[in-house]
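Close look at the chain arrangement
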Amino acid sequence: MKNFNPDTDYQQQLVALTAQLNGLEKKRKQLGWLRLVIFLLTIVVAYNVFVSYGLAGLLPTVLGIGFLLYLVSVDVANNAKIRNTKTLIRINEEEREALQHRFQQREDGRRFASSEHVYANDLDIFGESSVYQWVSRSYTEQGQRLLANNLLQAISLEEIKARQEAVKELAANLSWRQQWQAFAMHTTVTHRTEEKIDYWLKEEKEHFTGGYWKWAVLVYTFITLGTAIAAIVGLIPGVMFSSLYLFFLVFSMLLSRNAVQTYSHLNGIVKETSTLETLVSWLESLSSNSRHVQQLQASIKTSSASAGKEVKALKNILDRFDLRNSMFGPMFFNAFLLWDVRQMIALNAWRKRNSSKVYKWFAAVAEMEVLHSVSTLHFNHPDWSFPTFTSNHFTLEGKEIGHPLLPAGQRVNNSFSINGIGKIGLITGSNMAGKSTFLRSLGVNMVLAQMGAPVCAASFVLSPVQLVSSMRIADNLAENTSTFYAELKKLRTIIEMVKTHQPLFILLDEILRGTNSFDRHKGSAALIKQLIKEDAVAVIATHDVELTLLKETYPSAIENYHFDVEVEGEELYFDYKLKHGICKSLNASILMKKIGIDIPD
């Protein structure tokens, strides 16, 4: 395991980037003054040369303007570096905040939440202070969607192992990862842009596809420009040229009608295409020994050029296409050069070269976004472990398991194991003793493990499994659903899944809490018996101590655990440590007394 020092490394990055930013800001001021000096010097020199030598004054004018344009290009590049450096500074500042467990300003993934999902709501996968908000360093919509999907559904064991290998390598490559993130932050690559390109590639009718169009455009341009030159030198009268120009204009407009649909469809995606090009090129530049990363790089290769160059070629075509909206677009570029036809020919050639590759570019970017997110998690928590997997169902063996969303200073870790099928871990304990938090610790770490991420544990052995839970139940006024009925619906889903005998791991917190104590105990006991009969595996937290007596009937299937509380006077002290056996000390009476309920001793 790499010995990362995240806070120190981020601080060193900030020092270096701040110094770099100061140098770039200084250069920007120098360029500003230099442009002013060159401008004034050009005016003075050109004026004096004009006065003394006439038209010879054009030479210093042209040289001065040329040098000014060069300085402008240098300034534009310098400003881009300033913007990039500021973004990198922001990234490192936010990572230092995240190390202090302050990450609530990040996108929370709430749009991916579903009330019907089998564990997402119970485990705080989305929303404020959620797993998604804590893990995500994804800024493209494709990456955000993939990360959300991986949190909602385990990836295959082969994919887990490949991702673990890549993450271990990428975590150490801090500068490359942060630059990737900075590129992604500049302009969000959206699903809308991907869909636009996909539709154009697959659905939109092609125009100007015949090979003769290239020659036709060249001949047309030779005729139109030749006519213009002839008019300028007086070989043809102005009236004739005006008539010819009108014909050229109308003819070009008729041809341009076949370009309007394509232009309208692809219009507005240039900035996102530029970001995509930068990300793809940056991925191609990565030197990696990871087979997973190498496969990503191989997937985006094209036969003609690098993927980055191909995306840049598309961006350049769209940039040229935008000239049709300028004042000179229809009047000159189309009338004399058939500009729209030229761009359509270029787009057709681009489509022919790349139609089968584009979706792979977006997919590779999405996967790299997830790899970067998980690599950052590994870098920020180097003491966490990567889980190992076994094919034996069911196996869960974890040492020093903690809840990842709790700060290290507040987190209490517990070891736990459960092996075999038809097994129930039954946890009793006082109010606020840590039962629900422990269940969520198991659940969240299993979610992380099965997406290829490290887990908050000293070690973690798991067999691939579908996680399902019933912990946080709420009523639904819109559907006129009570809390009790909402829980019954959730339990019905779990029972139906259990009956399929698919590999499941079930987390249940306080079963049937919405009914009376007699029915609750009767129903809970029946459910536990049914889970054992169906060879299910579950960890159940309950206040119903009588359920622990089921171990006498099912000694090999049920294991009792508890969280304890120490009482000194009217004060409660929790150690949040999981212990074997049945809880003997309850705290509800003390808590009720503290709020003013008179309970006899």
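Higher on the page you've got the structure.
This write-up is about the structure you can find in this document. (Residues numbered from 1 in each chain as written. Predicted model: local features only at pLDDT ≥ 70, side-chain atom pairs only at ≥ 80, totals over all residues. Heavy atoms only, no water.)

A few points about the overall build of the chain
Operational definition: Helix and strand assignments follow DSSP, with helices taken as H or I runs no shorter than four residues and strands as E runs no shorter than two, numbered in order from the N terminus. Both definitions apply: the radius of gyration is a C-alpha atom measure, and the globule rule equals 2.2 Å times residues to the power 0.38. Remark: exposure states derive from per-residue accessible area (1.4 Å probe, protein chains only) relative to the maximum for the residue type, with buried under 20%, exposed over 50%, and partly exposed in between. Note on definitions: a residue-residue contact is assigned when non-hydrogen atoms from the two residues lie within 4.5 Å. The Shrake-Rupley method, run with a 1.4 Å probe, gives the accessible areas here. Residue values count only the displayed protein chains as cover. For this count, His and the chain ends are skipped, Lys and Arg are scored as positive, and Asp and Glu as negative. In plain terms, the charge of a residue is placed at NZ if it is Lys, CZ if Arg, CG if Asp and CD if Glu.
Regarding its fold elements, the chain presents 20 helices and 10 strands. Against the 2.2 N^0.38 benchmark of 25 Å for 601 residues, the chain shows a C-alpha radius of gyration of 34 Å, more extended than a compact globule. Each principal axis of the C-alpha distribution contributes one length, and for the chain these read about 115 × 50 × 50 Å. The 601 residues of the chain split such that 49% are buried. Long-range pairs, those at least 24 residues apart, make up 76% of the contacts in the chain between residues at least 6 apart in sequence. As displayed, the chain offers around 29,600 Å² of accessible surface, 57% of which is attributable to carbon and sulfur atoms. Averaging the locations of the 62 positively and 58 negatively charged side chains of the chain gives two centres separated by 9 Å.

Describing the pattern of salt bridges
So the rule is basically this: In the sections that follow, a salt bridge refers to a side-chain nitrogen of Lys or Arg positioned within 4 Å of a carboxyl oxygen of Asp or Glu.
A complete count under the given rule lists 20 salt bridges for this structure. With a closest N to O distance of 2.4 Å, Glu-107 and Arg-111 form a salt bridge. According to the relative accessible area criterion, Arg-111 is partly exposed, its value standing at 47%. The network of salt bridges with shared partners includes Arg-90, Glu-94, Glu-95, Arg-106 and Arg-137.

So, the side chain of His-117
To keep things clear, this is the line we draw: In protein, a polar contact means a hydrogen-donor-capable atom and an acceptor-capable atom, both N or O and within 3.5 Å, with residues adjacent in sequence counting only if both atoms are side-chain atoms; elsewhere, any N or O pair within 3.5 Å suffices.
By the secondary structure assignment, His-117 is in the loop between α2 (58-99) and α3 (131-135). Take His-117: its relative accessible area is 18%, and that puts it in the buried class. Here the side chain of His-117 touches Ala-120 through a polar contact of 3.1 Å, landing on its backbone nitrogen. Reaching out from His-117, the side chain makes a polar contact with the backbone oxygen of Leu-152 at a distance of 2.9 Å. Apart from residues no more than four positions distant in its own chain, His-117 is found in contact with Leu-152 and Lys-490.

In short, geometric facts, not functional conclusions.
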